[in-house]
Amino acid sequence: MVFDRLELVRFLQILRLWTRREVTARYAGSLIGVLWAFLLPLGNIALFYFVFAVVLKVRIPELNLEHGYFFYLLAGLLPWMGLAEGITRATYSLVVQEQLIQKIAFPVAVFPVSAVLASLLPQLIGMLIFLGLLAISGLLTFSTLGLIPLLLCQLAMTCGLGLLLAVLAAGFRDLLHLVPILVQFLFYATPILYSRSMVPEEYQVWFFFNPFAALVDGYHAVLLSLPLPISSLLALLVWTGLLGGGGLWLFRTLRGALGDWL
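Residues numbered from 1 in each chain as written. Predicted model: local features only at pLDDT ≥ 70, side-chain atom pairs only at ≥ 80, totals over all residues. Heavy atoms only, no water.

**A few points about the nonpolar core**
Point 1. Formed by 51 residues in total, the largest nonpolar core has its most connected members in Phe-130, Leu-223 and Leu-224.
Point 2. Among the elements of the structure, α2 (36–55), α3 (68–96), α5 (110–136), α6 (147–171), α7 (175–188), α8 (213–224) and α9 (230–254) are those that each provide at least two residues to this core.
Point 3. With 14 residues, α3 is the largest single contributor of residues to this core.
Point 4. The contact partners of Leu-223, leaving out residues within four places of it in the chain, are Ala-75, Met-127, Phe-130, Leu-131, Leu-134, Leu-139, Thr-144 and Leu-147.
Point 5. Membership of the second largest hydrophobic core comes to 21 residues, among which are Ile-14, Leu-94, Val-113 and Leu-258. (Core = buried A, V, L, I, M, F, W, Y, C linked by side-chain atoms within 4.5 Å. Buried < 20%, exposed > 50% of the residue type's maximum accessible area, 1.4 Å probe, protein only. Helix = DSSP H or I, 4+ residues; strand = E, 2+ residues; numbered from the N terminus. Contact = heavy atoms within 4.5 Å.)

What follows is the structure, given as structure tokens:
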């Protein structure tokens, strides 16, 4: 038990240092540095808002507000950018550090987990600004306390899936090209640019096969006080367990093959 505790402390110390390195390296050499963590999400949000709200005039039936679509878009797009970047970077993490892993005894789980944690920075910055906008608009309620368990669910799902994809990509390099395509597909299959109510009833069942649809539903519920169906809550818990616990278990099972793959 003491050995396990010491190993955990060592892992967390290395994880903290490597996550900080991941963040600084990501914005190193740029004139404005970490400000890109704010400007890049802002650019994406502005683009989607212009296309879907201004040009296509999409409206969210559940939000009868002047800027309802803008708030709905922010509530779903901010967490999506965090998890999508985390999953993609985690997939590449072991392959990119191949030579370091071969030379040094290193807890390899640090690489995909630190990639996920570093990718949360733009989301957290955006969320703080979003909460400020909600407060100014009088839409901030006690339901926003639900952000904490939602972030924990997101972290568990993203880390578990990131660990699994990282170790699989070390052996099957095609995943490096396939994962970004799947992430893009899941983006449009998740109710971010539209609400569930805008999808015909016969297609609603497909949302349960998308692990991130229930997560985004949760963000819409806690940030905008929208109703969260019990089916979405159950789906979120199931997917958190499957991706978080299952991904970690499979990573530990397949980790022994890294020596042959890298």
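**Looking at α8**
Point 1. Here α8 is twelve residues long and its end C-alpha atoms lie 16 Å apart, about the 16 Å a rise of 1.5 Å per residue gives.
Point 2. Summarising burial for α8: twelve of the twelve residues are buried, a large majority.
Point 3. Packed against the buried residues of α8 are α3, α5, α6 and α9.
Point 4. Two residues or fewer past α8, Ser-225 is found with a positive phi of approximately 55°. (Expected span 1.5 Å × (residues − 1).)

**Examining the packing of aromatic side chains**
Point 1. The full count for this structure, using the stated rule, is eleven aromatic pairs.
Point 2. When the ring of Trp-18 is compared with that of Phe-111, the centres are 5.1 Å apart and the planes differ by 80°; the resulting orientation is edge-to-face. Separated by 93 residues along the polypeptide, Trp-18 in helix α1 (residues 2–27) and Phe-111 in helix α5 bring together distant segments of the chain. A single burial state applies to Trp-18 and to Phe-111, both of which are buried.
Point 3. Arranged with centres 5.5 Å apart and planes meeting at 85°, the rings of Tyr-49 and Phe-70 form a pair that is edge-to-face. Pair noted here: Tyr-49 is in helix α2 and Phe-70 is in helix α3, with a separation of 21 residues, a long-range link.
Point 4. Here Tyr-49 falls in the partly exposed class, since its relative accessible area comes to 26%.
Point 5. Judged by relative accessible area, Phe-70 falls into the partly exposed class, the value being 24%.
Point 6. Directly above the aromatic system of Trp-18 lies the positively charged group of Arg-21, at a separation of 4.5 Å from the ring centroid.
Point 7. Residue placement shows Arg-196 over the ring face of Phe-208; its charged tip is 5.9 Å from the ring centre. (Phe/Tyr/Trp six-rings, centres within 6.5 Å; stacked < 30°, edge-to-face > 60°. Lys NZ or Arg CZ within 6 Å of the ring centre and 35° of its normal.)

Spatial relationships are all this shows, so hold off on functional conclusions.
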